[in-house]
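Chains, contacts and geometry: an overview
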Amino acid sequence: MDRQWNVETAIETARSFQPAAVLAAAAELDVFTKLADGPRTVEDLTAELGADARAVGILLDALAALRLLEKTADGYTAGAEVARLLSESAPGNLLPAVRHTANCMRNWAQLARIVMTGQPAPRIPSIRGEQADLEAFIGAMNSFSGPIADDVVARLKHLPAAHILDLGGASGTWTIALLKAFPAARATIVDLPDVIPLAQQRIADAGLSDRVAFAAADYLQDPLPRGADFAWLSAILHQHSRPTARRLYEKVHAALTPGGLLAIRDIVMEDSRIEPPAGALFAVNMLTATENGGTYTFAEYSQDLAAAGFADITLIHKDPWMNSLITARKA
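These notes cover the structure that comes with them.

What counts as what
- The residue count restarts for each chain, going from 1 along the sequence in the order it is written.
- Local features are withheld for residues below a pLDDT of 70 in this predicted model, meaning they are given only at 70 or higher, and side-chain atom pairs are given and counted only at 80 or more; totals for whole chains, interfaces and linings count all residues.
- Excluding hydrogens and water, the side-chain values take into account all heavy atoms of the structure.
- Here, nonpolar core refers to any group of buried Ala, Val, Leu, Ile, Met, Phe, Trp, Tyr and Cys residues whose side-chain atoms link them within 4.5 Å.
- The cut-offs for exposure are 20% and 50% of the maximum accessible area for each residue type, with area from a 1.4 Å probe on protein chains only; residues under the lower value are buried, those over the upper are exposed, and the others partly exposed.
- In DSSP terms, a helix is any run of H or I states spanning at least four residues, a strand is any run of E spanning at least two, and both are numbered starting from the N terminus.
- We call two residues contacting when some pair of their heavy atoms lies within 4.5 Å.
- In this analysis, rings of Phe, Tyr and Trp, with Trp reduced to its six-membered ring, are considered paired at centre separations within 6.5 Å, and the interplanar angle assigns stacked below 30 degrees, edge-to-face beyond 60, and tilted for intermediate values.
- In this scheme, strands are said to pair when DSSP sees at least two bridges between them.
- Note on method: axes are straight lines fitted to C-alpha atoms, helices fitted across the in-contact stretch only, with angles between N-to-C directions ranging 0 to 180 degrees.

**Digging into the nonpolar core**
Of all hydrophobic cores here, the largest spans 29 residues; its most connected members are Ile-164, Leu-178, Leu-179, Phe-182, Phe-230 and Trp-232. At the level of secondary structure, the elements contributing two or more residues to this core comprise helix 10 (149-154), helix 11 (173-181), strand 4 (186-191), helix 12 (196-205), strand 6 (228-234) and strand 7 (256-266). Broken down by element, this core gets its largest block of residues, 6 residues, from helix 11. Not counting the four nearest positions on each side in its chain, Phe-230 is found in contact with Leu-156, Ala-161, His-163, Ile-164, Leu-165, Leu-178, Leu-256, Leu-261 and Ala-263. The next biggest cluster of nonpolar side chains, apart from the first, holds 28 residues, and it includes Ala-215, Ile-236, Leu-262 and Val-268.

In structure tokens, the structure reads:
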């Protein structure tokens, strides 16, 4: 059912940033890790953070009001479930995703100005710094993709692959899933030099270092490694304009072996551009963060892939979010 708009729902939507901002601040300050092992007082946390006591107290009370913390006479504690999700010490925690979302929120707060100028928001680092923000972004990609990667890749299992070219794959998540699906394959991950070490660590943790090569490069500017029979573009095309994407398709086409397959995982919009709704909102995210990024229809993908020399362009799976799959073959 369509949402019914009235005074209450309009105000609720306008205020919906407030819990998100409280959670984001706590994640950036690493509050949940600090409170995972037992109660801490306002004074304890203020001293550890080197922060303002009044501000720390207000933040902790807001977190307790949202049931993200437990408040007792002994102080504040992160419950077991919250600590599992949001403590640095918990394997597979969601802190990178929350921190990355906090960075996005700073961009979205400038949306009206962005619409007037057509320019993305100025990059404002978090209190954790630019390198930590980069690591949060890469970690967020793993948090978002890790739980669903095997199921998405399963839709490609009947496609042979001996050498996989994973462009922009520095989280390592999709290379790991692809190598599980194609046990005889090897892979090359191409990404920027400052994020390749993050991929190397995750690949090593998965025990796959002997099957993966790494190319520290800008996939738009630098030559691509040649000889792969399968190229994987996962959630990178929305960062670019259609002309830029077309140039990338041309480079991939040249790098693939004859008959090689390109697979794209991304949002695919209906022609109306208002469905799926998550895609319409994600286009706003690209407006705030990139010069020319956006979300595209299958017709647009098809036109650009065909112009780059690909054939047999097929939408093999339609998803309401970012897990639609398009394949195209080099003749």
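**A short note on the packing of aromatic side chains**
The description of an aromatic ring pair uses the distance of the two centres, along with the angle that the planes make with each other. Throughout the structure, instances matching the rule amount to 4 aromatic pairs. Note on Trp-174 and Trp-232: the rings are 5.4 Å apart at their centroids and 45° apart in plane angle, and the pair reads as tilted. Residue Trp-174 is found in helix 11, and its partner Trp-232 is found in strand 6; the two are separated by 58 residues along the sequence. What makes Trp-174 buried here is its relative accessible area of 5%. With centroids separated by 6.2 Å and ring planes inclined at 85°, the aromatic side chains of Tyr-296 and Tyr-301 adopt a geometry described as edge-to-face. Taken individually, Tyr-296 and Tyr-301 each receive the classification buried, so the pair is uniform in this respect.

**Side note on unusual backbone geometry**
Cis geometry marks the peptide bond from Glu-275 to Pro-276, where omega comes out at -10°. Position of Pro-276 relative to the elements: it lies in the loop between strand 8 (268-269) and helix 14 (277-289). Even without a glycine there, the phi angle at Asp-312 is positive, about 50°. One can find Asp-312 in strand 10 (residues 310-317).

**As for the side chain of Thr-297**
Among the secondary structure elements, Thr-297 is positioned in strand 9 (residues 296-297). Excluding residues within four positions of it along the chain, Thr-297 makes contact with Val-268, Met-269, Glu-270, Asp-271 and Arg-273.

**Some details on the sheet that holds strand 6**
Strand order in the open sheet formed by 7 strands is 5-4-3-6-7-11-10, and the pairing between neighbours is mixed. Each having just a single partner strand, strand 5 (212-216) and strand 10 make up the two edges of the open sheet. Between one strand and the next, the sheet's axes are offset by a mean angle of 20°, whatever the strand orientation. In this structure, strand 10 lies alongside strand 11 (residues 324-330), joined through 5 bridges in antiparallel fashion. Residue Ala-311 lies in a different strand from strand 11, and its bridge partner there is Arg-329. Contacts from helix 15 (residues 298-307) reach strand 7, strand 10 and strand 11 within the one sheet, and its direction differs from that of strand 10 by about 155°.

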